[in-house]
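Structural features, examined
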Amino acid sequence: MQWTDVLASRTTRMKASEIRELLKLLDQPDIISFAGGIPDPALFPSDAFSQAFAEAMSGPKAAQALQYSVSEGYLPLREWIAGRMAAIGIPCAADNILITSGSQQALDYLGKLFLSPGDTAMVGWPTYLGALGAFNAYEPRYVRLDPLSNAAPEAVRAEAKAAGGAVKFAYLSSDFANPTGETLDQRGREALLDQAEALNCAVIEDAAYQSLRYEGEDVPPILALDIRRNGSIENTRTVYCGSFSKTLAPGLRVGWVCAAREVIGRLVLMKQAADLHSSSLSQIATHMVARDLFDAHVAKLRSTYNARRLRMLAALDREMPEGVRYTRPEGGMFVWLTLPEGMDGAQLLARAIAEERVAFVPGGAFHADGSNRNTLRLSFSCASEAQIDEGIKRLGRLLRA
Ligand code: PMP
């Protein structure tokens with residue numbers, strides 16, 4: 001069988017990343033890894049989940065936890081989320097919330113909802129690798145999202161049309177972005193909404209890290225600013241994607257979309273066709289744990305991750321040679337390094353593993369065109385403070401060499 005004869009055209013853009021093989025080596029115990037952008041498992045609220053799962057499995061609740069349920073998601077969880085959204089400036093009802101299997105599923109559905117082959121998606125340069133992976137299946141063309149750009153909307157629209165489609169959305173990881181750690185400020189958010197209005201396109205606000213602020217003032221969510229402009233969530237163009245992966249635990253696969261009912265209604269149909277609904281058991285347990293300890297747990301995460309963030313920034317200040325620039329994130333899990341022009345993050349990773357036993361993710365992969373190879377992403381979420389000191393020292397030594 002020649003499988004390539006029967007594959008859909010969309011599969012041509014599904015590819016394993018060049019660095020996967022290298023990242024497989026990271027299990028070796030002597031390697032200090034700043035590669036994985038994942039939460040520290042030592043911080044999972046496992047006791048609370050163990051109790052919640054036991055409770056969900058006892059008595060009549062078990063039937064609900066093990067049965068099929070509605071595509072929209074478990075109502076008490078949607079109501080809890082709607083309450084939290086209201087608290088961050090997004091007044092909405094449970095009908096404005098769809099539970100997804102992680103926010104990754106939301107990105108896939110939004111690609112499916114908006115993109116026909118040849119349509120244009122505006123994304124950050126760099127942007128979240130998993131968003132490019134999700135959108136690629138719908139065969140878009142990417143252009144660089146720059147909220148403060150003064151490119152004429154007519155020109156952007158004409159180029160999209162010449163490429164065979166239209167500008168459908170701007171996607172961004174809005175707070176403590178994956179991969180740069182940066183947050184778009186309020187002025188940038190307003191400018192982005194102006195741009196989206198001029199282009200008549202949607203905005204996808206990926207707020208996966210929004211709760212993990214360690215310093216500075218909260219910036220209103222883009223959806224909140226959109227509601228302020230347009231009076232009600234029903235009149236907005238922003239689709240907000242939230243997740244419990246970074247605050248409670250990613251293995252539950254519980255995320256959500258918050259948007260106008262018209263968008264939610266279409267996504268519900270999509271979810272029905274794709275997987276009927278997210279795990280009932282996961283949703284019920286997530287609701288119990290979120291209801292009882294979300295704020296206290298997030299406070300604990302903040303204090304641990306903040307200590308690691310400060311440690312990494314201090315180590316970078318000490319160890320990085322002249323010519324290396326890096327972001328100073330106020331939250332999240334990532335610091336983004338820009339090396340001198342001409343250096344290559346992927347080649348550096350091979351040497352970093354072989355010679356210094358330290359790892360990171362090369363930055364080229366986060367760019368839709370693979371450019372800016374002189375960049376890399378460091379994650380401070382899973383390393384101890386001692387490992388951070390030692391790992392950054394090793395990286396500095398390699399860069400100086
Ligand atoms: N968005 C961003 C910016 C992420 O970093 C991640 C996970 N790394 C996701 C979405 C997907 O997370 P999940 O599906 O677990 O909610």
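Residues numbered from 1 in each chain as written. Predicted model: local features only at pLDDT ≥ 70, side-chain atom pairs only at ≥ 80, totals over all residues.

Describing the overall build of the chain
Of regular secondary structure, the chain possesses 14 helices and 13 strands. Relative to its length of 401 residues, the chain is compact, with a C-alpha radius of gyration of 21 Å against a globular reference of 21 Å. Referenced to the eigenvectors of the C-alpha coordinate spread, the extents of the chain come out at roughly 60 × 55 × 55 Å. Counting over 401 residues, the chain shows a buried share of 46%. A fraction of 76% describes how many contacts in the chain between residues 6 or more apart in sequence connect residues 24 or more apart. (Helix = DSSP H or I, 4+ residues; strand = E, 2+ residues; numbered from the N terminus. Rg over C-alpha atoms; globule rule 2.2 N^0.38 Å. Buried ≥ 20, exposed ≤ 12 C-beta atoms within 10 Å, placed from the backbone. Contact = placed C-beta atoms within 7 Å.)

Here we look at the site of the ligand
Taken together, 14 residues sit near the ligand, with Gly102, Gln104, Asn178, Ser243 and Ser245 positioned nearest. Top element by residues in the shell around the ligand is helix H6 (residues 102-114). It accounts for 3 residues. (Near = placed C-beta within 6 Å.)

Concerning helix H9 (residues 186-199)
In this model, H9 (14 residues) spans 20 Å end to end at C-alpha, consistent with the 20 Å of a helix rising 1.5 Å per residue. Along H9, the positions that sit buried rather than exposed are Arg189, Leu192, Leu193, Gln195, Ala196 and Leu199. End-on, the buried residues of H9 take up no more than an arc of 160°, which puts them together on one face. Exposed residues lying more than 90 degrees from the buried face of H9 are Gln186 and Arg187. Next to the buried residues of H9 lie helix H8 (153-162), strand E5 (167-173), strand E6 (202-206) and helix H10 (222-230). Positioned one or two residues after H9, Asn200 has a phi angle of 50°, which is positive. (Expected span 1.5 Å × (residues − 1). Arc of directions from axis to C-beta.)

A few points about the sheet that holds strand E12 (residues 361-362)
The strand order across the open sheet built from 4 strands is E9-E10-E13-E12, with neighbouring strands paired in antiparallel fashion. Two strands bound the open sheet, and with one partner strand each, they are strand E9 (325-326) and E12. (Pairing = 2+ DSSP bridges.)

Remarks on the UniProt feature "domain: Aminotransferase class I/classII large" (unreviewed entry) in the chain
UniProt annotation of "domain: Aminotransferase class I/classII large" (unreviewed entry) refers to residues 63-395 when read in the numbering used here. The span residues 63-395 is 44% helical and 15% strand by assignment, and the distance between its end C-alpha atoms comes to 53 Å. (UniProt positions renumbered as here; feature names shortened; annotations may be inferred.)

Some thoughts on unusual backbone geometry
Cis geometry marks the peptide bond from Trp125 to Pro126, where omega comes out at 20°. Tracing the chain through its elements places Pro126 in the loop between strand E3 (120-123) and helix H7 (129-136). Of note, the bond from Asn178 into Pro179 is cis; its omega dihedral lies within 30 degrees of zero at 15°. Note that Pro179 resides in the loop between E5 and H9. Within the chain, Glu139 stands out as a residue other than glycine whose phi angle is a positive 55°. Relative to the helices and strands, Glu139 is located in the loop between H7 and strand E4 (141-144).

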